[in-house]
Amino acid sequence: STYSPDSISFLMPPNPKYSAEGAKSLIDKELGGPGFGSGKWIAAQSNIGVYMQFKNPANVRTVTINCLRNLGSQIFLPIGIEVWGGPDKDHLKLLSNVIPPAAKKGEPDASIGIDCKLNTDKPISCLKIVTKNIQALPSWDPVKKGPEWAFMDEIFLN
């Protein structure tokens, strides 16, 4: 990660069971590893959102969110990631909207970095990142009812 924000906070908090060391866990440069019970993952059965602020504007061009996929435990990649940026919380513009590929039956467990290329050439003082997850599991999933889990353990800013 080229840039580190001066502060990070939850806009939409994770599930208390999977809250690691709070929002700062997303920028501590420590990956959670393959096990979702490691205590380093942030997770929720709803959207997760964070605000990041920089005292000195940063030339962030790519945001990469490291997510977990473990279909047997109903852990899916987000169905969408929005990255908003601007000079402050009140003046944000949508800079990236990424839709990761939908899960396919039998996909292996994996930790996957999802890149969000930002549509800006201006330095940013504030970022808002929202990961969206599905609420209904695919028809091929044996549980067949949601909501499913979305897990992330690190956000890289380059």
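Up top is the structure.
Residues numbered from 1 in each chain as written. Predicted model: local features only at pLDDT ≥ 70, side-chain atom pairs only at ≥ 80, totals over all residues. Heavy atoms only, no water.

(A) View of unusual backbone geometry. Residues other than glycine seldom take positive phi values, yet Ala20 does so here, at roughly 45°. Residue placement: Ala20 occurs in the loop between strand 1 (7-12) and strand 2 (42-44). A relative accessible area of 25% means that Ala20 is categorised as partly exposed. A positive phi angle, near 55°, is found at Gln74, a position not held by glycine. The residue Gln74 is located in the loop between strand 4 (62-69) and strand 5 (80-86) in this model. (Helix = DSSP H or I, 4+ residues; strand = E, 2+ residues; numbered from the N terminus. Buried < 20%, exposed > 50% of the residue type's maximum accessible area, 1.4 Å probe, protein only.)

(B) Examining the pairing of strand 8 (residues 124-132) more closely. Within strand 8, eight of the nine residues are buried, which leaves it mostly tucked inside the rest of the structure. Across seven bridges, the pairing between strand 3 (residues 48-58) and strand 8 is antiparallel. Opposite Ala58, over in strand 8, you have Ile124 as the bridge partner. Pairing of strand 5 with strand 8, which is carried by seven bridges, proceeds in the antiparallel orientation. (Pairing = 2+ DSSP bridges.)

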